Amino acid sequence: MIALSVSKNQIPIPNIEGTEAETTVSFFQGGHKESLYWGTYRPNVYLGIRARTPQSLVAGLMWTCVKDGRFSMRHVCQNADELKKYGWMRHNGRDYGHQELVDQDMTLMTSFFKSKEDGSGYGGDWTVRIDVRNENSKLSEDLQQTAHLFFYLADEDGNALSLSRDLLDIHDNSLLAFGSRKDIGSWHLHLTSMDDLEVHYSGFKTPHIHNLSDLVQQNLGAQVRKFGHLQLSDTSDDSSNILVFQISGSIPFRADIAFVSGTDLGGNSRLKDRLNSLTGTLLTTRLDEKEREFDDKFKNSFSLTDELDFESISIGKAAVANLMGGIGYFYGQSKISLPKTSDFKSGERYISYWPAELYTAVPSRPFFPRGFLWDEGFHQLLIWRWDIQICLDIVGHWLDLMNVEGWIPREQILGAEALSKVPEEFVLQHPTNGNPPTLFLVLRDLVFGMKKNKFTAAERDQISSFLERAFVRLEAWFQWFNTTQSGMATSSYFWHGRDNTTTRELNAKTLSSGFDDYPRASHPGDEERHLDLRCWMLLAADCMYSISKLLRKEKELGKEYGSTAKLLSDFAILNQMHFDDAYGAYFDFGNHTEKVRLSWQEVGGTNHYASRELVREVLERPRLRFVPHIGYVSLFPFMWRILPPDSLILEKQLDLISNRSILWTDYGLRSLSKTSSMYMKRNTEHDPPYWRGPIWMNMNYLILSSLHHYSKENGPYKDKAKTMYSDLRSNLIRNIVRNYQQTGYFWEQYDQKKGKGKGARVFTGWTSLVLLIMAEAYSEW
């Protein structure tokens, strides 16, 4: 039974085993929870530190840059800053990370280190080392630049932070600030440096921190107008809950900023020892040790072959480092759209989900610094190989966002910082719409890994206990999909949420599928059969059956999942419902016509002036038929390995993949065939093609994984699959490495004509799967 906890204006949440306090996340307590308390959990800023608690002490870094003759402030990751490069070069997800940021001629290297010592408060101590260098090493001393850094500490609870009485001379007194909190006890913040640095400060009292950079700029602007100096005012509001410290010096210089907790628990000598270990030469030694540990763990976790050069291996390290360094902690309430028939007060468009926390990786720090459900399953394919405990913790947080119906909001916009990065049109979450249940990808990996003894005894126990705890939620999730997304025909499914009234889009988007503008039936309706969703349901059913067998629940619970998986993997039924002999390809089915276009039409304007806009025209009556667009969706049966290794249909899929006029390029497989009528077509005047041609790493990884599988299966197409696998793998690695070398970034997608990175940059979500491709680490089942 699933117990309910219902509050006014909130969506109810199920509880594991019917116990209110016993959630999936509650499994992660004790030493594990404390070890992950502090971290770089604010991926939306260039450097941000917080604790995994709803109201935390929050730290971060800003700096100024001269751009077009004017000072600009750097704080929140954004493309408009035009940094040449930034990202984590090493990050273990727990207590160490090293990042490089190149802003015009200045390089900032930030290192994060955390330790738990005798006398430390809950979560331990942490420190940040900032190395500031000039890219132009030939500058003479007369031309030395001055860098202005701004390190801040803010208390989201609103607690007052106290300033040191003598903080303007760090050589006499390294203490900057101090305070106390219930979670960690008393704390100190110190700044140490061997260089000649100037320190100024400003304190603010405000309940909001997401606009902190504006407050700092206003303070600096007032000082410049009054005195002509770019320095903070050395003033503080009464009971300030935010303190900002300006650290200025001639480049190059180094500064260590140490946060010491539990300062009321130990004597002065012990505190001094702890501070010394977090700064100066002792910190250098500890950072060097952590770098070696990271490199050793990387080598052991991924076992890269000798064929890869040093540069490729370095980029592989950056892939896992950026994924782990991009893990964030969020707290807030999602906004859930109300149905049109709602009897809520007039004008209300949404109700609030319960206040929830989410520990998750993010796709992109500047563009998507928040949780996305379908991205997260791909992230975990890499993360479980790096740190199984972090992986399970993240999956647990996602499952705890499930409501009583078994639905999980697909995009998590929790808290003011996350909300500030999201266009209004995407804020509301729709409880009728799903998202690919990709978490089953990692759960299937874990179950298979246990069968193959890939884990230690302790890890096996932890995985089994987690699955036992999560099973009720996984059941609810599966049943939600199986009931709300089922189609009219037996064993068919379709993504809900497509707009069947649109007159502005060439093809109604299917955001819930994750493939956004990938062409589906021209006229959305209940008759649709979506091939990809059918395959996701096969994955979910098969995974649930495997978990029930692992937990020895197959007799009571697994039978239904086993029969569903058998039905959805039936080759004959699949072909009957989705295979088109004329094309030799698998397709969606729906009410469709190819004769649809966007045409300019005059519409009424203001001040008696007419304006033009693109309006959809349908030139032929649609009919129920296969939707003839070859692309990623067509390959789902191949990706899910439903095709027998000796099947002629397998040969046809290999032919489609390897055909340069259809999907093959020298940089990876394009998302939509060149022969498609929708290939590289805009969906609206302002909507460029997204999944209509460009190369995406998540799908290329799954396709490559299946090529690897079929290259080892006895059958007439084994050698062909092997050759295609080798060529595709080389193309993907070579192109991503080349783009990273040229731009300093991983990208959301890659151009199918020249291989150039496109879309969001610093996209180290599923693009980081390139590391698994390098390691030839694929899912097996």
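Please read these numbers as outputs of a predicted model, since none were measured by experiment. (Residues numbered from 1 in each chain as written. Predicted model: local features only at pLDDT ≥ 70, side-chain atom pairs only at ≥ 80, totals over all residues. Heavy atoms only, no water.)

Asker: Mind showing me how you'd approach the overall build of the protein chain here?
Answerer: Of regular secondary structure, the protein chain possesses 18 helices and 34 strands. In terms of overall dimensions, the protein chain is globule-like: its C-alpha atoms have a radius of gyration of 27 Å, near the 28 Å expected for 781 residues. Expressed as lengths along the three principal axes of its C-alpha atoms, the size of the protein chain is roughly 80 × 75 × 60 Å. Expressed as a percentage of its 781 residues, the buried residues of the protein chain come to 60%. Intrachain contacts of the protein chain at a sequence separation of at least 6 include 70% that bridge at least 24 residues. Per element, the accessible surface of the protein chain, about 31700 Å² overall, is 47% carbon and sulfur. Taking the average location of the 88 positive side-chain charges in the protein chain and that of its 97 negative ones, the two points are 4 Å from each other. (Helix = DSSP H or I, 4+ residues; strand = E, 2+ residues; numbered from the N terminus. Rg over C-alpha atoms; globule rule 2.2 N^0.38 Å. Buried < 20%, exposed > 50% of the residue type's maximum accessible area, 1.4 Å probe, protein only. Contact = heavy atoms within 4.5 Å. Areas by Shrake-Rupley, 256 points an atom, 1.4 Å probe, with all protein chains shown as cover. Lys, Arg positive; Asp, Glu negative; His and termini not counted. Charge placed at Lys NZ, Arg CZ, Asp CG, Glu CD.)

Asker: Hey, could you run me through the environment of Val596 in this one?
Answerer: Within the element layout of this structure, Val596 appears in strand β28 (residues 596-603). Relative accessible area serves as the criterion here: at 13%, Val596 is assigned to the buried category. Remark: the alpha-carbon pair of Val596 and Ser677, spanning 81 residues in sequence, is separated by 9.7 Å. Every residue in contact with Val596, bar those within four places of it in the chain, is listed here: Leu506, Ser522, Arg616, Glu617 and Val618.

Asker: Looking at this structure, I do not really get the pattern of salt bridges. What am I missing?
Answerer: Between side chains of opposite charge, pairing is possible as soon as their charged atoms come close. Applying the stated criterion across every chain, the model contains 35 salt bridges. Between Asp295 and Lys317 there is a salt bridge; the shortest N-O distance is 3.1 Å. Of this pair, Asp295 sits in helix α4 (residues 280-302) while Lys317 sits in helix α5 (residues 310-325), and the two are 22 residues apart along the sequence. Note on Lys317: relative accessible area 15%, which makes it buried. Salt bridges linked by common partners bring Arg90, Glu291, Asp295 and Lys317 together as one network. (Salt bridge = Lys/Arg side-chain N within 4 Å of Asp/Glu carboxyl O.)

Asker: Help me understand the state of the cysteines, please; the structure alone is not making it clear to me.
Answerer: By definition, a disulfide links the sulfur atoms of two cysteines through a covalent bond. In this structure the tally under the stated criterion is zero disulfides. Residue Cys391 stays outside any disulfide, its sulfur separated by 12 Å from that of Cys543, the closest cysteine. (Disulfide = S-S within 2.5 Å.)

Asker: Which parts of the structure should I look at to understand the packing of aromatic side chains?
Answerer: The geometry of an aromatic ring pair is captured by the separation of the ring centres together with the interplanar angle, meaning the angle of the planes. Considering all chains together, one arrives at 49 aromatic pairs under this definition. Note on Phe589 and Phe626: the rings are 6.0 Å apart at their centroids and 80 degrees apart in plane angle, and the pair reads as edge-to-face. Here Phe626 lies in strand β30 (residues 623-626) and Phe589 lies in strand β27 (residues 589-592), a separation of 37 residues in the sequence. Judged by relative accessible area, which is 15%, Phe589 ranks as buried. Over the ring of Trp386 we find Lys297, and its NZ or CZ is 4.7 Å from the ring centre. (Phe/Tyr/Trp six-rings, centres within 6.5 Å; stacked < 30°, edge-to-face > 60°. Lys NZ or Arg CZ within 6 Å of the ring centre and 35° of its normal.)

Asker: When you look at the environment of Arg74 in this model, what are you seeing that I'm missing?
Answerer: Looking at the secondary structure, you find Arg74 in strand β6 (residues 70-74). The buried category is assigned to Arg74, whose relative accessible area is 2%. For the pair Arg74 and Gly755, spaced 681 residues apart in sequence, the C-alpha separation works out to 30 Å. If sequence neighbours within four positions are ignored, Arg74 has contacts with Tyr46, Leu61, Met62, Trp63, Cys65, Asp81, Leu83, Asp103 and Gln104. Within the local environment of Arg74, its side chain forms a polar contact with the backbone oxygen of Asp81, the two atoms lying 3.1 Å apart. (Polar contact = N/O pair within 3.5 Å; in protein donor to acceptor, adjacent residues only side chain to side chain.)

By themselves these figures say nothing about function.
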